[in-house]
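Descriptive analysis of the structure
Residue strings, one per chain:
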Amino acid sequence: MISQDLLEILRCPLSPSNARLRLANDHLECERCALRFLIKDGFPILVIEEAALPAGCECISQLPCQREEKPKNENAEVK
Ligand SMILES: [Zn+2]
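Residues numbered from 1 in each chain as written. Predicted model: local features only at pLDDT ≥ 70, side-chain atom pairs only at ≥ 80, totals over all residues.

What follows covers the sheet that holds strand S4 (residues 43-44). A sheet is described by the order of its strands in space; here four strands give the open sequence S1-S2-S3-S4, paired in antiparallel fashion. For this open sheet the edge positions go to strand S1 (21-24) and S4, each flanked by a neighbour on one side alone. Direction of pairing for strand S3 (residues 36-40) relative to S4: antiparallel, over a ladder of two bridges. Bridge pairing in S4 links isoleucine 39 to proline 44. (Pairing = 2+ DSSP bridges. Helix = DSSP H or I, 4+ residues; strand = E, 2+ residues; numbered from the N terminus.)

What follows covers the environment of proline 64. For proline 64, the location among the structural elements is in the segment after S4. The exposure class of proline 64 is partly exposed, given the 13 C-beta atoms found within 10 Å. Residues proline 64 and serine 15, 49 residues apart in the sequence, show an inter-C-alpha distance of 9.0 Å. (Buried ≥ 20, exposed ≤ 12 C-beta atoms within 10 Å, placed from the backbone.)

Turning next to the pairing of S3. Here strand S2 (residues 27-30) runs beside S3; their pairing, made up of three bridges, is antiparallel. Counted as the bridge partner of leucine 28 is phenylalanine 37 from S3. Joining the antiparallel neighbours S3 and S4 is a turn of two residues, in which aspartate 41 adopts a positive phi near 50 degrees.

Right, let's get into the nonpolar core. Counting 12 residues, the largest nonpolar core consists of Cys12, Leu14, Ala19, Leu21, Leu28, Cys30, Cys33, Leu35, Phe37, Ala51, Leu63 and Cys65. With residues near it in sequence (within four places) discarded, leucine 28 still touches Leu10, Leu21, Leu23, Phe37, Ile39 and Pro44. (Core = buried A, V, L, I, M, F, W, Y, C linked by C-beta atoms within 7 Å. Contact = placed C-beta atoms within 7 Å.)

Our next topic: unusual backbone geometry. Its identity is not glycine, yet alanine 34 carries a phi of approximately 70 degrees, on the positive side. Backbone geometry at aspartate 41 places phi at a positive 50 degrees, although glycine is not the residue there. Its place among the elements puts aspartate 41 in the loop between S3 and S4. Look at aspartate 41 and you get exposed, because 6 C-beta atoms sit within 10 Å.

Summarising the sheet, S1 and S2 pair through four bridges and their orientation is antiparallel. Its bridge partner being in S2, alanine 24 is matched across the sheet by histidine 27. Where S1 folds back onto S2 in an antiparallel hairpin, the turn is made up of two residues, including asparagine 25, whose phi is positive at roughly 50 degrees.

Quick look at the structure:
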């Protein structure tokens with residue numbers, strides 16, 4: 001489904017420099033924050049909004065993976 005070569009280069013979009021993904025049945029899982037990314041038609045959907053949060057986690061901001069180098073001016077809107 002997902003080749004090992006592809007798996008080698010995929011990273012968690014929350015922490016692309018640190019967190020690798022591992023293949024878990026029908027989805028990819030971040031080794032660091034445990035976000036689960038669906039695989040659709042053989043392609044992993046590495047979109048935060050589409051990812052499933054790990055059990056017990058209600059918000060992405062609780063995860064160990066964070067977009068640390070994200071510029072402040074990108075989206076200052078706060079819920
Ligand atoms: Zn992660």
